[in-house]
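Examining the three-dimensional arrangement
Spelled out from the first residue to the last, the chains are:
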Amino acid sequence: MKTLKKTAYVLLIALIVAQFFQPEKNEGSLISVVPFLNETNPPENVKEILETTCFDCHSNTTTYPWYNNITPVNYWLESHVKDGKKHLNFSEWTSYSIKKKEHKMDELYEEVEEGEMPLTSYTWTHSEANLTAAQIAEVVAWGKATQAVYQQQLNLR
């Protein structure tokens, strides 16, 4: 019992000390997604879906929940954001080639259509990110139309 108590104290102290070490936050401005929005021109309802389900992890701007101030949760969230930006970063859209944009649009609507995005772990705490069948259809239709524009641009080259 004495060993268990000592272990609990050590873990408590380690947890308290860990609170002083935080990962760097992904805090930019939502202005960074404006070039993407201007270029792809989503309808207002799709734009709202992108804002509530995609931009936190797939742009240079994350709106952090209160529990992001708790270590080790903040490191877990930060790893999700880094992984999301590695796959698709709306803030970097203008740096993508036409071919890459066409491919990313294909991935975007396929991931949404297959229910892979948004992640279940995201929707646990962001219930507004749970997409209805109608919302999924809207994103897929917009994604396919936008992809077709990029395919046309590729064919004109």
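Refer to the preceding data block for the structure.
Computed from a predicted model, the values in this text were never measured in an experiment. Counting restarts for each chain, with residues numbered from 1 along the sequence as it is written. Predicted model: local features are reported for residues with pLDDT of at least 70 only, side-chain atom pairs are reported and counted for 80 or more only, and whole-chain, interface and lining totals are derived from all residues. Side-chain measures were taken over the full set of non-hydrogen atoms in the model, leaving aside hydrogen atoms and water.

Points about the nonpolar core
One finds Phe 36, Leu 50, Phe 55, Phe 90, Trp 93 and Trp 142 to be the most contacted residues of the largest nonpolar core, which totals 19 residues. When residues of this core are assigned to their parent elements, the largest contribution, 4 residues, is made by helix H5 (residues 98–113). The contact definition used throughout considers only heavy atoms, calling two residues in contact when any of these lie within 4.5 Å. Setting aside anything within four residues of it in sequence, one finds Phe 36 in contact with Asn 41, Leu 50, Phe 55, Phe 90, Trp 93 and Trp 142. Take the buried Ala, Val, Leu, Ile, Met, Phe, Trp, Tyr and Cys residues and link them wherever side-chain atoms come within 4.5 Å; each set so joined is a nonpolar core. Note on classification: 1.4 Å probe, protein chains only; a residue is buried when its accessible area is under 20% of the maximum for its type, exposed when over 50%, partly exposed between these limits. Numbered from the N terminus, helices here are DSSP runs of H or I no shorter than four residues, and strands are runs of E no shorter than two.

Some remarks on a negative patch on the surface
Nonpolar side chains (Val, Leu, Ile, Met, Phe, Trp, Tyr) within 5 Å and like charges within 9 Å form the patches, drawn only from residues with over 30% relative accessible area and no salt bridge. Per-residue and other accessible areas were derived by the Shrake-Rupley procedure at a 1.4 Å probe size, with only the shown protein chains allowed to occlude residues. Counted as salt bridges are all cases of a side-chain nitrogen of Lys or Arg within 4 Å of a carboxyl oxygen of Asp or Glu. Charged residues are defined narrowly, with Lys and Arg counted positive, Asp and Glu counted negative, and His plus the chain ends left uncounted. A charge is said to be at NZ when it belongs to Lys, at CZ for Arg, at CG for Asp and at CD for Glu. Together, Glu 110, Glu 111, Glu 113, Glu 114 and Glu 116 make up a region of like negative charge exposed at the surface. Mapping Glu 110 onto the fold places it in helix H5.

Structural notes on the environment of Glu 107
Mapped onto the elements of the fold, Glu 107 is located in helix H5. Separated by 36 residues in sequence, Glu 107 and Gly 143 place their C-alpha atoms 9.1 Å apart.

Comments concerning the pattern of salt bridges
Counted under the stated rule, the structure contains 3 salt bridges. For Glu 39, the salt bridge identified is with Lys 101, shortest N-O distance 2.9 Å. Note that Glu 39 is positioned in helix H2 (residues 34–40) and Lys 101 in helix H5, a separation of 62 residues in sequence. Judged by relative accessible area, which is 35%, Glu 39 ranks as partly exposed. Given a relative accessible area of 6%, Lys 101 falls into the buried group. Residue Lys 104 is joined to Glu 107 by a salt bridge in which the shortest nitrogen-to-oxygen separation is 3.4 Å. Residue Lys 104 and its partner Glu 107 are both found in helix H5; the two are separated by 3 residues, about one turn of the helix.

A few points about the environment of Asn 74
Counting through the fold element by element, Asn 74 comes out in helix H4 (residues 73–87). Note: C-alpha distance between Asn 74 and Gln 22 (52 residues apart in sequence) is 7.1 Å.

Thoughts on H4
Taking 1.5 Å of rise per residue, 15 residues should cover 21 Å, and H4 covers 22 Å from first to last C-alpha, within 8% of that figure. Here H4 has its buried residues at Asn 74, Leu 77, Glu 78, Val 81 and Gly 84. Down the axis of H4, the buried side of the element spans an arc of 125°, and every buried residue falls inside it. Residues of H4 that are exposed and point over 90 degrees away from its buried face: Lys 82 and Lys 86. The span expected for a helix works out to 1.5 Å for each residue beyond the first. Note: the arc covers the axis-to-C-beta directions of the helix.

Focus on the packing of helix H3 (residues 44–53) against helix H7 (residues 133–155)
With axes taken as lines fitted to C-alpha atoms, and helix axes fitted only over the stretch in contact, angles between N-to-C directions fall between 0 and 180 degrees. Taken N-terminus to C-terminus, the directions of H3 and H7 make an angle of 105°; their axes are 10 Å apart at the nearest point. Comparing the axis directions of H3 and H7 gives the class roughly perpendicular. Seen from H3, the contacting residues are Asn 45, Val 46, Ile 49 and Leu 50; seen from H7, they are Gln 135, Glu 138, Val 139 and Trp 142. Along the lines of polarity and charge, the residues of the contact of H3 with H7 split into 5 nonpolar, 2 polar and 1 charged. Any angle between 65 and 115 degrees counts as roughly perpendicular, while under 35 counts as roughly parallel, over 145 as roughly antiparallel, and the rest as oblique. Under the grouping applied here, Gly and all other residues not named as nonpolar or charged are polar, the nonpolar ones being Ala, Val, Leu, Ile, Met, Phe, Trp, Tyr, Cys and Pro and the charged ones Asp, Glu, Lys and Arg.

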